[in-house]
Amino acid sequence: MMSEKHTASDTLVSFRGVQKSYDGASLIVKNLDLDIRKGEFLTMLGPSGSGKTTCLMMLAGFETPTHGEIRLGDKLLNHVPPHKRNIGMVFQNYALFPHMTVAENLAYPLTIRKMGKSEITDRVKKALGMVKLDALANRYPGQMSGGQQQRVALARALVFEPQLVLMDEPLGALDKQLREHMQLEIKHIHENLGITVVYVTHDQGEALTMSDRVAVFKDGIIQQIDAANVLYEKPVNSFVANFIGENNTLHGEVVALHDQHCTVRLGNGDTVQAAAVCVGQAGEATSMSIRPERVRLSRHAEACENRLQARLAEFIYFGDHVRLRLDVAGQSGFMVKVPAGELDSSWKVGDKLDIGWMARDIRALDASVYTH
Amino acid sequence: MLEVMPTMSQTLTVNAPLTAADGELLTVKLAREHRNKQLKAVALVAPLAIFLLLTFLVPIFMLLGRSVDNPEVVTHLPATSQLIASWDRRALPSEEVFQAMARDLTAAKEAKTVPEVAKRLNMDISGFRSLIQKTARKMPLELAAGETMRDRFIQMDERWGDPDHWHVIAKNAKSWTPYYLYSSLDLRETKAGTPELAPEEERAFISIFGRTLWISFWVTVFCLLLGYPLAYWLANLPARKSNLLMILVLLPFWTSVLVRVASWIVLLQREGLINSALMNLGIIGEPLQLAFNRVGVYIAMVHILLPFVILPAYSVMKSIPPTYMRAAISLGDHPFAAFWKIYFPQTVAGVAAGALLVFIMCIGYYITPALLGSPEEQMVSYYVAFYTNVTINWGMAAALGSLLLIATMTLYGLYSKLVGANKLSLG
């Protein structure tokens, strides 16, 4: 599953054969192998209960693996207590100490490390400057907005200069606009400091925006770990295809399989050429995935390897673009995005439309029942 | 609407007072609305407020008044009280005072109020009761020619020639007295009217107050030592287990105090369960003295008051998310240090509230020491009950009660200054 090659010296954290069970009956993390590179922004993405937070907690030391090894650098972490790991952590509810001022909160990890008074003052000032909160050093957390508290939490996790920072859904409690702003800010801080960040979220948009690589979790297994664009363009299975971004699914049966390509028969008898990614053999069911923007309409579809007839079911207006909901090969809910300027005004609901796409753009994956 | 719009924007720009659509001032309208809301709120609270006033505040203040109330001499010896005010307090009072005394005692004899005066005066000088009653029996007096009332009184009993007895009458010729409050603090009034410490053999209440505070202090400390870890445990258990354990904490809480004290007697007495079990196990050769002493009082009081520490502490601890501790640990602090620096300070308010509650309840404890303690463990409330029920001395009972109330209020004031009353959380 590790798609890119890298040398061992690049690796900061490695999980080897890690398993975790809470009840002894089921595994919440199943046999995890994962290398996190130095300086990388890695996001663990997945629905709740997929094991991503458990992985983070094992790395932080608040959970112990039932089996397997976790290493930081060349040090085995399994039996290092959390307070000796020197890993910064940002929590979803900020976890700022309410009885201390912002400056005291930031000084806390420095005092523990027995730094001199002037050095502590300098570092606190620098950290506050980094998150642009210089003026609020003497406020208590209760007197600040959620966004400000989140910045303080971020500064506190960075102030003692750990080589690794963990973030557990740190933006989950913020409203959408602030969240998007903070995403960029965290990304810039990461770029400037060159630290390694492991970020947990269930928000795929957040994962795509911020990360160097994203590990998609489901049922305690990493389904795919890749850069954001690879995840989006080349999902390896139906779960990833549906979890990341918008996706159209066409169900069918493999009739012929040759090397990288396959032919799939749809429910109404039409056949489609697709890239064979995760299919077994001829005769098996498959779900094919194609992104809405890869579908071409009417005359644009003429040059395509796959051409089908669709019925226009609905227009959905989005301002800059319009989405058309189509019925394709007896399956409803097929979405196509059309830029507002390219919309043909003669189209109306109930019309028959020619649609088409290139064979490389549609990926035959495992048969699924997932809907987005 | 179209006509209104420009005028509204004009008023906004000129900054003139805003008016509602009917021309009335907006501020006036708002104030009326606000007043109506307040009236409604007051009307809703009024029944409870009146109930509390009549059944709680008024009786308390009436009883507090009793601690300085001194009606006997003024009411029943009115003429004497009036005249003795101008006495120089050195030699014997003048002839008029003696004559007034004779008149007052005659009237009191007819009204059958002599015993009340006698009892009151007897509190200051023992033997005064018999003197008054003896003198009153002889009323009215027929004076021989040339004989003064003063001579006649002294002839009847030479104690009437002792200025000390007249001092007592003069002292009590006011409708209020610090006597009961002074007595509750082992003080007495000198002839000059200033307080001084009573002779050592007459002192009692200072040590009783001291004992009350001492026992309360230790009960509070034990409750904290036992209750804090238990509350922490309850707050960090999974909900199902903690609910079950919470019931175990609350179950004795719902049982009558009397029942619990009685069962402690069964357990702790010489032939009780604990002693016989320890003897049978061969751990001790002789039964331990567990009941009817300080140990028994501590055990029972701590048991009874423990929930008052656990409940507020639990509710505060429940509201502290576990991420605080995790954050502190991830920042590099040892879990014990993190607990002390991060977790504990956040629980102080709740724990302080619980401790204050326990201490205040302890100060007023009566039934447990009465049943499980020796005379050495009796606290102030015992004497309040003693003066109310046995000697019917409401003045002393009220004075002791007032001092208890003052002690409680002072403690509360101290606490709210230290912890901040608004932070004091009873859960």
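Residues numbered from 1 in each chain as written. Chains lettered and ligands numbered in written order. Predicted model: local features only at pLDDT ≥ 70, side-chain atom pairs only at ≥ 80, totals over all residues. Heavy atoms only, no water.

## Observations regarding the overall build of chain A
Along the backbone of chain A there are 8 helices and 20 strands. In terms of overall dimensions, chain A has C-alpha extents of about 75 × 45 × 35 Å along its principal axes. Long-range pairs, those at least 24 residues apart, make up 67% of the contacts in chain A between residues at least 6 apart in sequence. Accessible surface for chain A amounts to roughly 16,900 Å². Of this, 49% is attributable to carbon and sulfur atoms. The averaged location of the 43 negative side-chain charges in chain A is 5 Å from the averaged location of its 41 positive side-chain charges. (Helix = DSSP H or I, 4+ residues; strand = E, 2+ residues; numbered from the N terminus. Contact = heavy atoms within 4.5 Å. Areas by Shrake-Rupley, 256 points an atom, 1.4 Å probe, with all protein chains shown as cover. Lys, Arg positive; Asp, Glu negative; His and termini not counted. Charge placed at Lys NZ, Arg CZ, Asp CG, Glu CD.)

## Describing the nonpolar core
Soluble globular proteins tend to bury their nonpolar side chains together. Counting 119 residues, the largest nonpolar core has L59 of chain A together with V219 of chain B as the members making the most contacts within it. Ranked by residue count, the leading element in this core is helix α15 (residues 294-318) of chain B, at 14 residues. Residues in contact with V219 of chain B, not counting those within four places in the same chain, are Y298, M301, V302, L305, V358 and C362 of chain B. By size, the runner-up hydrophobic cluster in this structure holds 30 residues, among which are A118, F153, W160 and V168 of chain B. (Core = buried A, V, L, I, M, F, W, Y, C linked by side-chain atoms within 4.5 Å. Buried < 20%, exposed > 50% of the residue type's maximum accessible area, 1.4 Å probe, protein only.)

## Regarding the sheet that holds strand β9 (residues 213-218) of chain A
All names here are of chain A. Ordered in space as β6-β7-β8-β3-β9-β10, the 6 strands form an open sheet in which the pairing is mixed. Looking at strand neighbours, the two that pair on one side only are β6 (87-90) and β10 (221-226), the edges of this open sheet. Ignoring which end each strand starts from, the neighbouring axes of this sheet average 20° apart. Sheet topology note: the β6/strand β7 (residues 164-168) ladder contains 4 bridges and is parallel. Looking at β7, one finds that V90 is bridged to M167. Relative to the sheet, helix α4 (residues 146-158) contacts β6 and β7, its axis offset from that of β6 by approximately 170°. (Pairing = 2+ DSSP bridges. Axes fitted to C-alpha atoms, helices over the stretch in contact; angles between N-to-C directions.)

## As for the domain arrangement of chain B
When the domains of chain B are assigned, the result is domain 1 (71-175) and domain 2 (205-420). Placing a centre on the C-alpha atoms of domain 1 of chain B and another on those of domain 2 of chain B gives a separation of 52 Å. (Domains from an automatic or database assignment.)

## Notes on helix α9 (residues 163-171) of chain B
All names here are of chain B. Among all positions in α9, only H165, W166, H167, V168, I169 and A170 are buried. Packing partners of the buried residues in α9 comprise α3 (71-76), α4 (78-84), α5 (95-111), α6 (114-124) and α7 (128-137). With a side-chain oxygen positioned 3.0 Å from the backbone nitrogen of D164, the residue opening α9 is D162. (Polar contact = N/O pair within 3.5 Å; in protein donor to acceptor, adjacent residues only side chain to side chain.)

## What to know about the side chain of R151 of chain A
Residue and element names in this part refer to chain A. You can see R151 is positioned in helix α4. The class for R151 is buried, based on a relative accessible area of 13%. Discounting residues that sit within four places of it in the chain, R151 has contacts with V131, K132, L133, H181, M182 and E185.

## Let's talk about the domain arrangement of chain A
All names here are of chain A. Structurally, chain A comprises domain 1 (8-238) and domain 2 (239-366). When each unit is reduced to the centre of its C-alpha atoms, the spacing between domain 1 and domain 2 is 38 Å. On the domain 2 side, the residues contacting the 19 residues of domain 1 number 18 residues. Here domain 1 and domain 2 share an interface that buries about 1,600 Å² over both sides, 61% of which is from carbon and sulfur atoms. When residues of domain 1 are sorted by the area they lose upon contact with domain 2, Y232, P235 and S238 head the list and together hold 43% of the total. (Buried area = accessible area lost by both parts, 1.4 Å probe.)

## What to know about the packing of aromatic side chains
Within this structure, the stated rule accounts for 26 aromatic pairs over all chains. Judged by centre distance (6.2 Å) and plane angle (70°), the ring pair of F128 of chain B and W160 of chain B falls under edge-to-face. Here W160 of chain B lies in the loop between α8 (149-156) and α9 and F128 of chain B lies in helix α7, a separation of 32 residues in the sequence. As far as the burial class goes, F128 of chain B and W160 of chain B line up, both buried. Both rings, one in Y382 of chain B and one in Y383 of chain B, keep their centres 5.2 Å apart while their planes meet at 85°; by these two values the pair is edge-to-face. Pairwise contacts between aromatic rings join Y228, Y232, F339, W340, Y343 and F344 of chain B into one cluster. The residue whose ring lies beneath K218 of chain A is F239 of chain A, and the NZ or CZ to ring-centre distance is 5.6 Å. We note R323 of chain A situated over the ring of F318 of chain A; from NZ or CZ to the ring centre the distance is 4.1 Å. (Phe/Tyr/Trp six-rings, centres within 6.5 Å; stacked < 30°, edge-to-face > 60°. Lys NZ or Arg CZ within 6 Å of the ring centre and 35° of its normal.)

## Overview of the pairing of strand β11 (residues 248-258) of chain A
All names here are of chain A. In the sheet, β11 pairs with strand β14 (residues 285-290) via 6 bridges, with the strands oriented antiparallel. When the sheet's bridge partners are listed, T249 is paired in β14 with S289. The pairing of β11 with strand β12 (residues 261-266) spans 6 bridges and is antiparallel. Bridging across to β12, L257 finds its partner in C262. Here β11 folds back onto β12 in antiparallel fashion, the turn holding 2 residues, of which D259 has a positive phi close to 55°.

## Let's talk about the environment of D270 of chain A
Tracing the chain through its elements places D270 of chain A in the loop between β12 and β13 (271-276). Separated by 37 residues in the primary sequence, D270 of chain A and R307 of chain A place their C-alpha atoms 9.4 Å from one another.

## Looking at the sheet that holds strand β4 (residues 67-72) of chain A
All names here are of chain A. As summarised here, the arrangement of the 4 strands in space is β2-β1-β4-β5, forming an open sheet in which the pairing is antiparallel. Each end of this open sheet is capped by a strand with a single partner; those strands are β2 (29-37) and β5 (75-76). Of the strand pairs in this sheet, strand β1 (residues 11-20) and β2 are connected by 6 bridges, and their pairing is antiparallel. Across the sheet, V13 pairs through a bridge with I36, a residue of β2. In the packing of helix α1 (residues 52-60) onto the sheet, contacts are made with β1, β2 and β4, and the angle to β1 comes to roughly 120°.

## Some remarks on the pattern of salt bridges
Residues and elements named next belong to chain A. Enumeration over the complete set of coordinates arrives at 27 salt bridges over all chains. Linking R16 and D35 is a salt bridge whose minimum nitrogen-to-oxygen distance equals 3.0 Å. In this pair, R16 sits in strand β1 while D35 sits in strand β2, placing the two residues 19 residues apart along the sequence. D35 sits in the buried class, given a relative accessible area of 12%. (Salt bridge = Lys/Arg side-chain N within 4 Å of Asp/Glu carboxyl O.)

## A short note on a nonpolar patch on the surface
The grouping of L48, I50, F51, L52, L53, L54, F56, L57, V58, F61 and M62 of chain B at the surface amounts to a nonpolar patch, some 1,100 Å² of accessible area in total. Checked against the element boundaries, L54 of chain B lands in helix α2 (residues 26-66). (Patch = residues over 30% accessible without salt bridge, like charges linked within 9 Å, V, L, I, M, F, W, Y side chains within 5 Å.)

## Description of the packing of α4 of chain A against helix α5 (residues 176-193) of chain A
All names here are of chain A. For the pair α4 and α5, interaxial distance at closest approach is 11 Å and the crossing angle is 20°. On the basis of their axis angle, the class for α4 and α5 is roughly parallel. The handedness of the crossing between α4 and α5 is right-handed. Here α4 contributes G147, Q150, R151, L154 and L158 to the contact with α5, which in turn contributes L178, H181, M182, E185, I186, I189 and L193. Of the residues contributing to the contact of α4 with α5, the split by class is 7 nonpolar, 3 polar and 2 charged. (Parallel < 35°, antiparallel > 145°, perpendicular 65-115°, else oblique. Left-handed = near helix turned anticlockwise from the far one by under 90°. Nonpolar A, V, L, I, M, F, W, Y, C, P; charged D, E, K, R; others polar.)

## Looking at unusual backbone geometry
Cis geometry marks the peptide bond from M139 of chain B to P140 of chain B, where omega comes out at -10°. Its location among the elements puts P140 of chain B in the loop between α7 and α8. Positive phi outside glycine occurs at E161 of chain A, with the angle close to 50°. Position of E161 of chain A relative to the elements: it lies in the loop between α4 and β7. Taking relative accessible area as the criterion, E161 of chain A reaches 52% and is therefore assigned exposed.

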